[in-house]
Each structure stands twice: as structure tokens, then as C-alpha cells.
Amino acid sequence: SKIYNIAIDGPAGAGKSTIAKAVSAKLGFVYVDTGAMYRAMALYFLRKGIKPDEEAVISEAVKEVGVTISYENGAQQVILNGENVSGLIRTEEVSQMASASSIYLPVREKLVELQKELARNENVIMDGRDIGTCVLPEADLKIYLTASTAVRAKRRYDELTEKGEPCSLEEIEKEIAERDYRDMHRENSPLKQAEDAVLVDTSGLTIDEVIGEILKLASEKG
Ligand code: C5P
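Residues numbered from 1 in each chain as written. Predicted model: local features only at pLDDT ≥ 70, side-chain atom pairs only at ≥ 80, totals over all residues.

**Q** Lay out the sheet that holds strand β4 (residues 75-80) with the relevant residues and their values.
**A** Pairing is antiparallel in the open sheet, where 3 strands are placed in the order β3-β4-β5. If you trace the sheet from one side to the other, it starts and ends with β3 (67-72) and β5 (83-84), each paired once. Where β4 meets β5, 2 bridges bridge the pair, whose relative direction is antiparallel. Counted as the bridge partner of L80 is E83 from β5. Along the sheet face, helix α2 (residues 35-47) touches β3 and β4 and points at about 30° away from the line of β4. (Pairing = 2+ DSSP bridges. Helix = DSSP H or I, 4+ residues; strand = E, 2+ residues; numbered from the N terminus. Contact = placed C-beta atoms within 7 Å. Axes fitted to C-alpha atoms, helices over the stretch in contact; angles between N-to-C directions.)

**Q** Mind laying out the site of the ligand, listing which residues take part and the relevant values?
**A** In the region of the ligand, 15 residues are neighbours, and G35, Y38, S99, S102 and G128 sit closest. Here the residues of the shell around the ligand sort into 4 nonpolar, 6 polar and 5 charged. (Near = placed C-beta within 6 Å. Nonpolar A, V, L, I, M, F, W, Y, C, P; charged D, E, K, R; others polar.)

**Q** Go over the environment of E195, please, and point to the residues and values.
**A** Turning to its location among the elements, E195 is positioned in the loop between α8 (169-185) and β8 (198-201). For the pair E195 and Q96, spaced 99 residues apart in the sequence, the C-alpha separation amounts to 28 Å.

**Q** Just give me the short version of unusual backbone geometry, but keep the residues and values in it.
**A** The phi angle at N81 is positive, at roughly 40°, despite the residue not being glycine. As for its position among the elements, N81 is in the loop between β4 and β5. Positive phi is not limited to glycine here, since S189 has a value of about 45°. Following the sequence through the fold, S189 ends up in the loop between α8 and β8.

See below:
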């Protein structure tokens, strides 16, 4: 039967992974979090003491990095040269390094190839920055998920506060804005809404409302 692919793109903290995970469970699709792959690569560069502006060093180092994914009870695990690093990639340091190193073509080419391969034989819902524009240009449904910077920062702030991690709302908003700017203005595959993507602004919506909206779009395009 025909493979059905859903692409979800958008800026940091728009709720892409929460939404994509829930929709994948409802539809029985495989959820692919591409940001985790850029994060795993970033962790490798950080461990090697590589600085984000060392393009030549990063381009060489890419050749030593093997990133793959596997699933444990339905949850995506990201494997870096044989090591499961899923628990180590959600720090602010890794976020910034992922954004800074994802501007380089060798980094992107390696991960995009893996992503295309994953979607070829399975129904996937894949989230990232360039899924609708580059990775899966033929996706059956494309969503551009966004929310205001203030709303995205507040959600992240609440999440960290709930975990008991002290943080500053102002600092989080600054970091999100910085990462978005870099993701949207880079030369290679910048974050932008694909022409045929449906814009979903989640600023005033609950998670369930967003999930409902996407399931509706998927059934219309089924
Ligand atoms: O989605 P997440 O916040 O985990 O992504 C981390 C970083 O990886 C992003 O800020 C972006 O620079 C990069 N990324 C990318 N293309 C993707 C997914 C993530 O460039 N498809």
C-alpha cells in the first residue's frame, strides 16, 4: 500500500515533538524527531572540544560520526557511534551547538540522507526545520507549526520550573530568539514555511486542539 508521510516544521518550542508524538500514536505512524539527530552530532562536537565556527574541523569530524535511531516502547532513541545519548542532548549547550553546527552542508547532507531513508518504507510523521522544504518535498501533509516567541518561551519556562530547574524567562526568550534567527537565516535549508504547508499557530490553542486540527487535516488528505 502507499506510504503516507507527514512533515511538521517550525521554530524552537512550538510544540512540534509533543504534537507529532501524539499524532503518531493516534495514526500508528513512526515518529521521527530530526532535531535529536542534530543534537547527537552536536554532542559529539562538544565532546571533542570543537568550536561552532570551526567549519573545516566540523566537516572532517562528520565523517567519524555515526548517528542512527531506534525505538524503545515507541520512544525514539538516538544512538551516537553505538552509544544511546537520548538522555544527554536536551541541555541548552547542546541546543545552541546543534543550531550552530547545523548550518554546515556536510552535517545536513549526512542526516538528511538518513531521514529520507527512514521515510521511504514506512508511514512517518517527521518533525524538524526543513522537512517539508528539503527532506520530504513530496510529503502527503505538511504543517508549519508556530507560536509567538513569548508563548514559546513561557511554555519552556513552565516546563523547566515544573522540573524544579531554576531559570529566567527573559534568558529563555533571548535564547529561543537567537536560535530561530540562525535557523531562519542560514544559507543551507533555512527554516521557512513550505508553499504547500498548512500554517497552524498554536499561541491560543491547547495541545488537544492542535492534535485535533492535525488529525482533521490528515483525514482530509487521506
Ligand atoms: O528541534 P530541535 O530543537 O531539537 O533542533 C535542534 C536544532 O537542530 C535546531 O535549532 C536546528 O538548528 C537544527 N535542526 C535543523 N534541521 C532539522 C531539525 C533540527 O537544522 N530538521
